[in-house]
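Here is what each chain is made of, one letter per residue.
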There are 2 protein chains.
Amino acid sequence: MIDLQPVKGTRDFFPEEMRLRNWLFEVWRSVSVQSGFEEYDTCVLEHEDLYIRKAGDEISKQLFSFEDKSGRRLSLRPEMTPSLARLVLQHNKSLSFPIKWFSMPQCFRYERMTKGRRREHFQWNADIIGQPEMVAEAEILMLLISACESMGLTANEFQVFINDRRILNAILTQINVPVELHSTVLVILDKRDKISAKDLGEMLEDAGLSAKQVGQLNEFLSESDLNELKENLTDTTGIEQLQHLMELMDTAGYSGYLKFDISIVRGLSYYTGAVFEVNSPEKKHRAICGGGRYDSLLSTFGGETVPAVGFGFGDVVVLDVLQELNRFPELQKKLDYTIIPFASEQVGIALKIASELRMKGSVVDCNFSMKKMKKSMRQANESGAAKAILLFPEELSEDKVVIRDLQLHEQKPVKISDLIS
Amino acid sequence: MIDLQPVKGTRDFFPEEMRLRNWLFEVWRSVSVQSGFEEYDTCVLEHEDLYIRKAGDEISKQLFSFEDKSGRRLSLRPEMTPSLARLVLQHNKSLSFPIKWFSMPQCFRYERMTKGRRREHFQWNADIIGQPEMVAEAEILMLLISACESMGLTANEFQVFINDRRILNAILTQINVPVELHSTVLVILDKRDKISAKDLGEMLEDAGLSAKQVGQLNEFLSESDLNELKENLTDTTGIEQLQHLMELMDTAGYSGYLKFDISIVRGLSYYTGAVFEVNSPEKKHRAICGGGRYDSLLSTFGGETVPAVGFGFGDVVVLDVLQELNRFPELQKKLDYTIIPFASEQVGIALKIASELRMKGSVVDCNFSMKKMKKSMRQANESGAAKAILLFPEELSEDKVVIRDLQLHEQKPVKISDLIS
């Protein structure tokens, strides 16, 4: 007997789960298209070196990597942004910026499994490339918010927690952390929620900070008010940009969705500006989605500097959240007609009626189980069909069928030519 | 500089290509749903042993396989049928047969690249499981035919070439080939179109046939008429079943789509009954799709015998065929509105109008490039938008915007409250 389970950490989608996935994808796709984003995709297989970065990102250590039959080092993509950067660099000359693109790739990470974490997930990505102004962040956040609302979350059930890497960098500069250490320090800070203050302090000291710097850093990171922070910082660019974004969102009608949160860092080393996460207001889940500005990723790949903002929004956490809130949509299999012959000579005519009705746009199935009336009617009721078409010999001899309304429990004979004309 | 190209044999989908892929997927999905099929999916990663078969199928030699960090042997799926069989065996007890399922997985094979062959493709799969009668073949072929027609192929541009493994087995039995050699001989026969008669003969002799048997086999395989073949065979089950299927298809209104072709074998060893391919009537392409009945696959995986019929329909060959016929659909990016502010103070109000219009169901983009009127109008025309919303300071001071119809080249001021109410 073969192993009937999927590979550890991966999922099967039986029709019921697939309907839910399709519903989610359709929300993602339709809000994206409505907001002027265009869909793209790349292959789940990429060259491994697309993901090897120096700042010690966890992602580089969790790759599903292997060597193909010609010795190429390949990886299953752990995230979409590097592939997007590759596409943009490939067609740099012919694209007219800014571009607004989205995708819904399956991504793979080999990691310990916990709630909300599997070894694969589908991750909606939306990015605006080529827009240096904060209006790109505003558009991206509006898209995120309308997606959450389209999924059935109400304004008091989610919150966008936002910060800016420039604020974090200004703090590090202010306490004299050399600029070449910033990325590494930020990757460590991203773990702050998951490890003890003591462990965090040790990791920061291992990375090169003094005990005094760790103390100063902790003091800055306890600040929750943007204006107070502004008074204590020399470089206030990040704060001013974030305040500008919040004003824009207010004007656009999105007051109250954004909340400044200095603990938002994001684990990827390539972010350069705004960084954000969506979570419940009490932050009781893993982040539902996260993203930010990454103006230098394309240049680290060898291209010019191209400003970029985007997010990744996985399917696993949000479905857990919706399930907890009992907010799953009703997604039953539905048919317009189920056609039921009662003898094998009627199979051909059943197929013919099915074919004609489908050409007219109806959703039609046939039941060839050749059961007796009572069993057939039970199967018809379970099929999700609105109506059953019953092929009785008597009516068929007059070129008629009996149509039964499965809600009203009413039936009447109808000429086949009328039904399919 | 990183390598900007995708992994050899794999594709990038820029928005233009993605629109075409989405169009194809939508054809596949909508004909499937209309015919009562339900969608499922599994992960692209499977345990390697799902694909290791004894009959020397090429597919086992073309796997993208590797070992994960825990030493599991994993493969990227080369085809969907084994995963489907796994799902069915997993839920054997709770499924009510027959089931009609479809999927659109990406599949991977490490092979030499030729026209119509890459190392990945998307492959629409539709299967009926649990129906032993030929009506399952009829339903599957009707689905295939309606898909081809929905893609824009006319009845004289494609043909279903059909055969039955039981006919081939009857021939092999008739010429005294031992039954345990049948699978291996059939995998060899599948190569008949691609290699010389001499090479074929040598391969058959290597597999254990005598020169006399090879001669007898070739004689049988030159037969194109079902009835003549029937007269020369002892076991005529396969022929009778195929004739029954053809009658069913005639009654259902699909005369002329099917053509008996004894050279259709299919390369997979698990087929047990009907086998078919779609191609142009002159067979000038690789097969557009192929499939058949595989009643014993589930039992070889350790389950009970469950009758099953299905096909795989790749995206690469059919798109080549449609392109050759100049039959690609028009798929432009389309917007209802493009909103154009001319100064940075108007960005917030532009976002607000965009948001309100989207909530009403419109597809809306904004142009924040802040160009002068002439350049902005050129960009509006290129954006795919039906109308432009122009934010001029004078009208804005009266809470109005100017709406310009980009087809009619007419414009008029409109109160913002009227536009978004």
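Structural data are supplied above this passage.
Here is a short report on the structure shown in this document. (Residues numbered from 1 in each chain as written. Chains lettered and ligands numbered in written order. Predicted model: local features only at pLDDT ≥ 70, side-chain atom pairs only at ≥ 80, totals over all residues. Heavy atoms only, no water.)

### Here's the deal with the nonpolar core
All names here are of chain A.
Thought 1: Of all hydrophobic cores here, the largest spans 101 residues; its most connected members are Trp124 and Phe313.
Thought 2: For this core, the element with the most residues is helix 3 (residues 135-150), which contributes 11 residues.
Thought 3: What Trp124 contacts, discounting residues up to four positions off in sequence, is Trp28, Val31, Ser32, Phe102, Ser103, Met104, Leu143, Ala147, Phe311, Gly312 and Phe313. (Core = buried A, V, L, I, M, F, W, Y, C linked by side-chain atoms within 4.5 Å. Buried < 20%, exposed > 50% of the residue type's maximum accessible area, 1.4 Å probe, protein only. Helix = DSSP H or I, 4+ residues; strand = E, 2+ residues; numbered from the N terminus. Contact = heavy atoms within 4.5 Å.)

### Observations concerning the sheet that holds strand 15 (residues 385-391) of chain A
Residue and element names in this part refer to chain A.
Thought 1: Spatial strand order, 14-13-15-16-17: five strands in an open sheet with mixed pairing. The two strands at the open ends of the sheet, each matched to only one other strand, are strand 14 (364-366) and strand 17 (410-415). Direction aside, neighbouring strands of the sheet carry axes that sit 25° apart on average.
Thought 2: As paired strands, strand 16 (residues 400-405) and strand 17 are joined by six bridges and run antiparallel to one another. Its bridge partner being in strand 17, Lys400 is matched across the sheet by Lys415. (Pairing = 2+ DSSP bridges. Axes fitted to C-alpha atoms, helices over the stretch in contact; angles between N-to-C directions.)

### Here we look at the relation of the copies chain A and chain B
Thought 1: In screw terms, the move from chain A to chain B is a rotation of 180° and a rise of 0.0 Å along the axis, fitting with an RMSD of 0.0 Å. Here the transformation between the copies is reduced to the relation of a two-fold axis. Considering only C-alpha atoms, the residue of chain A closest to the rotation axis is A:Phe66, which sits at 3.0 Å.
Thought 2: With an isologous cut-off of 70% or more, the 100% of interface residues of chain A that recur at the interface of chain B puts this contact in the isologous class. (Least-squares fit on C-alpha atoms with pLDDT ≥ 70 in both.)

### Some details on the environment of A:Ile188
Residues and elements named next belong to chain A.
Thought 1: On the secondary structure map, Ile188 appears in helix 5 (residues 182-189).
Thought 2: Under the relative-accessibility criterion, Ile188 is labelled buried at 9%.
Thought 3: Residues Ile188 and Tyr40, 148 residues apart in the sequence, show an inter-C-alpha distance of 33 Å.
Thought 4: In contact with Ile188, other than residues within four places in its own chain, are Leu200, Met203, Leu204 and Ala207.

### Details of the packing of aromatic side chains
Residues and elements named next belong to chain B.
Thought 1: By the definition in use, this model includes 35 aromatic pairs over all chains.
Thought 2: Judged by centre distance (5.6 Å) and plane angle (20°), the ring pair of Phe25 and Trp28 falls under stacked. Here the residue Phe25 and the residue Trp28 both occupy positions in helix 1 (residues 15-34), the gap between them amounting to three residues, near one helical turn. Trp28 carries the same exposure label as Phe25, and that label is buried.
Thought 3: Here the aromatic rings of Trp124 and Phe311 are separated by 4.9 Å at their centres, their planes lie at 80°, and the arrangement is edge-to-face. (Phe/Tyr/Trp six-rings, centres within 6.5 Å; stacked < 30°, edge-to-face > 60°.)

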